[in-house]
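# Structural overview for review
Single-letter residue listing:
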Amino acid sequence: QVRLVESGGGLVQPGGSLRLSCAASGSIFSIRAMGWYRQAPGKQRELVAAITSGGSTNYADSVKGRFTISRDNAKNTVALQMNSLKPEDTAVYYCNVDLVVVATMTRGAYWGQGTQVTVSS
């Protein structure tokens, strides 16, 4: 089994910062891409940022220059540093990991449970 545990959400004022973390554990053979998605009330889930196993990154236009994604391949973790937060960043943030499971050697996408980020004064 694979488990993704997220942490770091919360309430922050506009202009503030938060750091989200996600740790993958279980019977993992290898991890490919890791990323963060978010879903605001009444909206579709959208990609925020992603990072490949080689370190290449991709960001939504709305967060470029403000958010930074990073990963630690040795610890199977991915983090999202969010700076200059805006009220429109308010959403539930989900960790997503593309990995291969040991037992079946099959590839699949796994999701974290989600963590609430609220940007408000």
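The following refers to the structure shown. (Residues numbered from 1 in each chain as written. Predicted model: local features only at pLDDT ≥ 70, side-chain atom pairs only at ≥ 80, totals over all residues. Heavy atoms only, no water.)

### Regarding the pattern of salt bridges
Per the counting criterion, the structure on display carries five salt bridges. For the salt bridge of R66 with D89, the shortest nitrogen-to-oxygen distance reads 2.8 Å. Here the residue R66 occupies a position in the loop between β6 (57-59) and β7 (67-72), and D89 occupies one in the loop between β8 (77-82) and β9 (91-101), the gap between them amounting to 23 residues. Judged by its relative accessible area of 11%, R66 falls in the buried class. By relative accessible area, which is 1% here, D89 ends up buried. A salt bridge links R107 to D98, with the shortest nitrogen-to-oxygen separation between them at 2.6 Å. Among the residues examined, R107 registers a relative accessible area of 54% and is labelled exposed. Here D98 falls in the buried class, since its relative accessible area comes to 15%. One continuous salt-bridge network, built from bridges that share partners, spans R38, E46, R66 and D89. (Salt bridge = Lys/Arg side-chain N within 4 Å of Asp/Glu carboxyl O. Helix = DSSP H or I, 4+ residues; strand = E, 2+ residues; numbered from the N terminus. Buried < 20%, exposed > 50% of the residue type's maximum accessible area, 1.4 Å probe, protein only.)

### Details of the environment of K64
Position of K64 among the secondary structure elements: in the loop between β6 and β7. Distance from K64 to L11, taken between C-alpha atoms, is 21 Å for residues 53 residues apart in sequence. Separated by 3.1 Å, the side chains of K64 and D61 make a polar contact. (Polar contact = N/O pair within 3.5 Å; in protein donor to acceptor, adjacent residues only side chain to side chain.)

### What to know about the side chain of E6
Residue placement: E6 occurs in strand β1 (residues 2-7). One buried charged residue, E6, forms no salt bridge at all, with the nearest opposite charge on R45 at 7.9 Å. Only 3.0 Å separates the side chain of E6 from the backbone nitrogen of G114, close enough to count as a polar contact. The contacts of E6, once residues within four sequence positions are left out, are S21, C22, W36, Y93, Y94, C95, G112, Q113, G114 and T115. (Lys, Arg positive; Asp, Glu negative; His and termini not counted. Contact = heavy atoms within 4.5 Å.)

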